[in-house]
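A look at the structure
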Amino acid sequence: VKVCSRLIISSDVDFATGNIVSRDALEIKGSIKPKFRVNALGDILIRGNIENAHVRSDSNVVVQAGMNGDNASIHARGDVDIRFVERGKIEAGGAIILRRNGYYCSLYAGTDVRCEPSSRIAAAQLVAAGSLTVGTVGSDIADPSLLAAAVSPEQLRRYFEFQRTIAAQFEAAETLQRQI
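Summary of the structure given here. (Residues numbered from 1 in each chain as written. Predicted model: local features only at pLDDT ≥ 70, side-chain atom pairs only at ≥ 80, totals over all residues. Heavy atoms only, no water.)

All right, on to the overall build of the protein then. When helices and strands are tallied, the protein shows 1 helix and 18 strands. Taking the principal axes of the C-alpha coordinates as reference, the protein spans close to 65 × 40 × 30 Å. Every one of the 180 residues in the protein was classed for burial, and the buried ones make up 38%. In the protein, the share of contacts with a sequence separation of at least 24, taken over all contacts with a separation of at least 6, comes to 4%. In the form shown here, the protein has an accessible surface area of approximately 10,100 Å², with 49% of it arising from carbon and sulfur atoms. Positive and negative charge centroids in the protein, built from 21 and 20 side chains respectively, lie 4 Å apart. (Helix = DSSP H or I, 4+ residues; strand = E, 2+ residues; numbered from the N terminus. Buried < 20%, exposed > 50% of the residue type's maximum accessible area, 1.4 Å probe, protein only. Contact = heavy atoms within 4.5 Å. Areas by Shrake-Rupley, 256 points an atom, 1.4 Å probe, with all protein chains shown as cover. Lys, Arg positive; Asp, Glu negative; His and termini not counted. Charge placed at Lys NZ, Arg CZ, Asp CG, Glu CD.)

In C-alpha cells, the structure reads:
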C-alpha cells in the first residue's frame, strides 16, 4: 500500500508488481504484460506496450508505444492517445487519437476518432459519436473496415446485437418450419 498523488511503476507490470489499482494518476515506465490489469481513477501514462492486458481509467490514457492482443483493452472515461493498435479494443468517453496504425481493432469514441494522415487502418471498426479523421483505410488482403461517424457507439452495438438476434430467430423459425 502506497499513498501518493501519482504512483510511478519503474518497471513492467508483471508478476513482480501484480495487478495495479490506483486512486490517483499512474505512470508505468515499462509495459503491461499479458493478463495483467491496471485500474486508476486518474490519468494513466504507459511508456511501453499493452500486451494482451486490460487498462481502465476514470480519466485519460496515454500509451507511448502501442497495444496488441485479442484480449487487450482500454476503457477510459476521458481521451485515449496511442501510437498503434493491433487486435485490441478501445472504448473512450472522449476522443481517441491514433498516431500510427490500427489493424483488426475496435475503437469506440464518445467524441472524435483522430488518426494521423500517415496512419493505416485495416480490418478495423472505428465508431465516433463526433467525427472521424483517418489516413489510409483498407487493404487488398484484409477484411473491410467499418467507419461510423456521428453515431453513438453504444447505440451501434445495440443495433448490431439486435440484427444478430433477429437473424438467429429467423433461422430458428426456418428450422421449425422445415420440421413441420
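We now examine the pattern of salt bridges. Inspection of the entire model under this criterion finds 13 salt bridges. Measuring nitrogen to oxygen at the nearest pair gives 3.9 Å for the salt bridge that ties Asp 58 to Arg 77. Taken as a pair, Asp 58 in the loop between β7 (54-57) and β8 (61-76) and Arg 77 in the loop between β8 and β9 (80-92) lie far apart in primary sequence, 19 residues in all. Across the salt bridge formed by Glu 116 and Arg 99, the nearest N and O atoms sit 3.2 Å from each other. A residue pair is termed long-range when its members are at least 10 positions apart, and Glu 116 in the loop between β13 (113-115) and β14 (120-122) and Arg 99 in the loop between β10 (96-98) and β11 (101-103) qualify at 17 residues. On the basis of relative accessibility, which here comes to 30%, the residue Glu 116 falls in the partly exposed class. Since its relative accessible area comes to 35%, Arg 99 is described here as partly exposed. Each of Lys 89, Glu 91, Glu 154 and Arg 157 takes part in one network of salt bridges that share partners. (Salt bridge = Lys/Arg side-chain N within 4 Å of Asp/Glu carboxyl O.)

Inspection of the secondary structure assignment puts Ile 8 in strand β1 (residues 6-9). Taking the C-alpha atoms as reference points, Ile 8 and Ala 25, separated by 17 residues in sequence, lie 8.7 Å from one another. Contact partners of Ile 8, with chain neighbours within four places excluded, come to Glu 27 and Lys 29.

What follows concerns the packing of aromatic side chains. Evaluation of the coordinates by the stated rule reveals 2 aromatic pairs. Between Phe 15 and Phe 36, the aromatic rings sit 5.1 Å apart at their centres with planes inclined by 80°, giving edge-to-face as the arrangement. Residue Phe 15 is found in the loop between β1 and β2 (20-22), and its partner Phe 36 is found in the loop between β3 (25-28) and β4 (37-40); the two are separated by 21 residues along the sequence. Residue classification places Phe 15 among the exposed residues on the basis of a relative accessible area of 77%. Taking the centre distance of 5.7 Å and the plane angle of 50° together, the rings of Tyr 159 and Phe 160 count as tilted. Of the residues examined, Tyr 159 reaches a relative accessible area of 44% and is grouped as partly exposed. Classification of Phe 160 as partly exposed rests on a relative accessible area of 27%. Its end group placed over the ring of Tyr 104, Arg 87 keeps NZ or CZ at 4.6 Å from the ring centre. Here Arg 157 stacks its cationic end above the ring of Tyr 108, 4.8 Å away from the centre of that ring. (Phe/Tyr/Trp six-rings, centres within 6.5 Å; stacked < 30°, edge-to-face > 60°. Lys NZ or Arg CZ within 6 Å of the ring centre and 35° of its normal.)

Within the fold, Glu 27 resides in strand β3. A polar atom in the side chain of Glu 27 sits 3.2 Å from the side chain of Arg 6. Separated by 3.0 Å, the side chains of Glu 27 and Arg 47 make a polar contact. Sequence-distant contacts of Glu 27, that is, excluding residues within four places in its chain, are made with Arg 6, Leu 7, Ile 8, Ile 9, Leu 45 and Arg 47. (Polar contact = N/O pair within 3.5 Å; in protein donor to acceptor, adjacent residues only side chain to side chain.)

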